[in-house]
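Listed here are the chains, written in short residue letters.
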There are 2 protein chains.
Amino acid sequence: MSEPRLVEVRRNVLKQNDMIARALRERFRSEGVFVVSLVSSPGSGKTAFLEKILTLLRPGHRVAALVGDLATDNDAARLKRSQAPVKQIVTGTVCHLEAAMVQNALQDWNLRDLDFLFIENVGNLVCPSSYDLGESLRLVLMSVTEGEDKPLKYPTIFNSADVAIVTKNDLAVAVEFDWSAAQANVQAVRPGMKIFRVSTKSGEGVDDFLKFLAAQLAEHKSTTPA
Amino acid sequence: MSEPRLVEVRRNVLKQNDMIARALRERFRSEGVFVVSLVSSPGSGKTAFLEKILTLLRPGHRVAALVGDLATDNDAARLKRSQAPVKQIVTGTVCHLEAAMVQNALQDWNLRDLDFLFIENVGNLVCPSSYDLGESLRLVLMSVTEGEDKPLKYPTIFNSADVAIVTKNDLAVAVEFDWSAAQANVQAVRPGMKIFRVSTKSGEGVDDFLKFLAAQLAEHKSTTPA
């Protein structure tokens, strides 16, 4: 395996990514937008959850979203139903978003018009973990149907995230989801990590998350240059 | 982005992988073992399905499994309940198995003792697609809880696979899974692809898949050198 050379090239790509991410973070701060990214397995319910959040935030807040996928703009079409501005980033064969893709997508956006910008990453529990996108908050989603062991099996992505969201809680009984085990597994990998348990379908837990987001925004605004 | 240089290095890694995979395939053929790999998202039910298959095949066939994960040997522990020989490959931060990892894991195995060898890949719908492991049959699993659109959103991995398995069919009604849409999406990406619809929990569809596997083995044996 020529792993070492690949690792070296990857390190350079990551270094460059970090520089762009730093510039993005500075731009987000100076233009006063709070940026939240979402990572998860394919099919964990990122898009459905985000559509719900955009719809519920919209009456009181100015929101927008970027969404990454290898192929198709299906997710952008779904998110647009929330009436929020949405832009699709098609990554081709790349299994994660990179800061440069975000920078490029936002080139002609006036971020001062926004309170929240959400960035939905490609569905993948490995690749996105090392790519900083300049976000202020990274959410890692896991659905109850995936089982309780995901934090132990994909520790790096849980470590790269700030908050865990357990989705599809309406199916918890059907799949005999063990909430205590899931919590213990998250804490084993990332002690003190905040966890929300939600169902986009029933709405359960969504309000708690919205309150948390509002508090995060308030804190962010208080440190934003006038 | 220094993508082009990364792409070049990746191409060399893949070339080397293909060479090792070719040698593995030759070894599998000459030692008369039929090798089946499994790819899917994290939490699609690969391990549960494979445990079922190993358990049901064991009375009549000699079976074994390799299982890849970034961290933990939880899956190997689960698969060992089938009483089949199982070996874990821990990939660290690598989001897929490579032929060299398989070669290394099988170094001291006598494959002539086996009818079937199963290789469970890391849970990922992107990275494993370009890595040939020398297998004769690649299964791509998608669970009903992930939604019907996965083939459209991850076309490369569906194209790299021979057969699709729709898992967790016991939850199909609860998640309002649209079977016709899922079939159409698979066919749009990979026309003519064989699809099985199974529930590991209820056992539905598993017999059909076992019959298919037995037929594949018979065909393979008929072309194996004596």
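Residues numbered from 1 in each chain as written. Chains lettered and ligands numbered in written order. Predicted model: local features only at pLDDT ≥ 70, side-chain atom pairs only at ≥ 80, totals over all residues. Heavy atoms only, no water.

Visitor: What exactly am I supposed to notice about the relation of the copies chain B and chain A here?
Guide: Superposition of the two copies of the chain requires a rotation about an axis together with a shift along that axis. Taken as rigid bodies, chain B and chain A are interconverted by a rotation of 180° and an axial shift of 0.0 Å, the fit giving an RMSD of 0.0 Å. The transformation relating the two chain copies, once decomposed into turn and shift, fits a two-fold axis. The fraction of interface residues of chain B whose copies in chain A are also interface residues reaches 100%, indicating that both copies meet through the same surface. (Least-squares fit on C-alpha atoms with pLDDT ≥ 70 in both. Contact = heavy atoms within 4.5 Å.)

Visitor: Looking at this structure, I do not really get the packing of helix α2 (residues 46–57) of chain B against helix α8 (residues 206–222) of chain B. What am I missing?
Guide: The relative placement of two packed helices is expressed as an angle between their axes plus a distance between the axes. All names here are of chain B. Two elements in contact, α2 and α8, have axes whose closest approach is 11 Å; the angle formed by their N-to-C orientations is 65°. Like other packed secondary-structure pairs, α2 and α8 cross with a definite hand, here right-handed. Of α8, the residues touching α2 (which contributes F49, K52, I53, L56 and L57) are V206, F209, L210 and L213. (Axes fitted to C-alpha atoms, helices over the stretch in contact; angles between N-to-C directions. Helix = DSSP H or I, 4+ residues; strand = E, 2+ residues; numbered from the N terminus. Left-handed = near helix turned anticlockwise from the far one by under 90°.)

Visitor: Explain the packing of aromatic side chains to me, please; I cannot follow it from the model alone.
Guide: Remark: the centre distance and the inter-plane angle together describe each pair of aromatic rings, the angle taken between the planes. A complete count under the given rule lists twelve aromatic pairs over all chains for this structure. Here F196 of chain B and F209 of chain B contribute two aromatic rings whose centre-to-centre distance is 5.4 Å and whose plane-to-plane angle is 85°, an arrangement assigned as edge-to-face. Taken together, the residues span a long stretch of sequence, with F196 of chain B in strand β7 (residues 194–197) and F209 of chain B in helix α8 at a distance of 13 residues. When sorted by exposure, F196 of chain B lands in the same class as F209 of chain B, which is buried. Taken together through their ring pairs, the aromatic side chains of F49, F196, F209 and F212 of chain A make up a single cluster. (Phe/Tyr/Trp six-rings, centres within 6.5 Å; stacked < 30°, edge-to-face > 60°. Buried < 20%, exposed > 50% of the residue type's maximum accessible area, 1.4 Å probe, protein only.)

Visitor: Got a minute to help me understand the pairing of strand β5 (residues 137–143) of chain A in this structure?
Guide: Within a regular beta strand, the side chains point alternately toward one face of the sheet and then the other, so they alternate between its two faces. All names here are of chain A. With seven of seven residues buried, β5 lies mostly within the body of the structure. Residues L137, L139, L141 and S143 point to one face of β5 and R138, V140 and M142 to the other, with burial holding for every one of them. One ladder, built from five bridges, connects strand β1 (residues 34–40) with β5; its direction is parallel. Opposite S37, over in β5, you have R138 as the bridge partner. Two strands pair when backbone bridges link them, and β5 and strand β6 (residues 163–167) are joined in this way by five bridges, in the parallel orientation. The residue of β6 that forms the bridge with S143 is T167. (Pairing = 2+ DSSP bridges.)

Visitor: Even after reading the chapter, I still don't get the interface of chain B and chain A, so can you show me in this structure?
Guide: Think of interface size as the accessible area that goes away when the parts come together; that is how it is often given. Contacts between the two partners involve 46 residues from chain B, matched on the other side by 47 residues from chain A. Regarding the contact of chain B and chain A, the summed buried area is about 3800 Å², with carbon and sulfur atoms giving 56% of it. If you look at where chain B meets chain A, you find six salt bridges. For the salt bridge of D75 of chain B with K153 of chain A, the shortest nitrogen-to-oxygen distance reads 2.7 Å. (Buried area = accessible area lost by both parts, 1.4 Å probe. Salt bridge = Lys/Arg side-chain N within 4 Å of Asp/Glu carboxyl O.)

Visitor: Just to check I follow, could you spell out the environment of S202 of chain B for this structure?
Guide: All names here are of chain B. Relative to the helices and strands, S202 is located in the loop between β7 and α8. In the structure, S202 is positioned 33 residues away from N169 in sequence and 8.7 Å away in space, judged by C-alpha atoms. Separated by 3.2 Å, the side chain of S202 and the backbone nitrogen of E204 make a polar contact. (Polar contact = N/O pair within 3.5 Å; in protein donor to acceptor, adjacent residues only side chain to side chain.)

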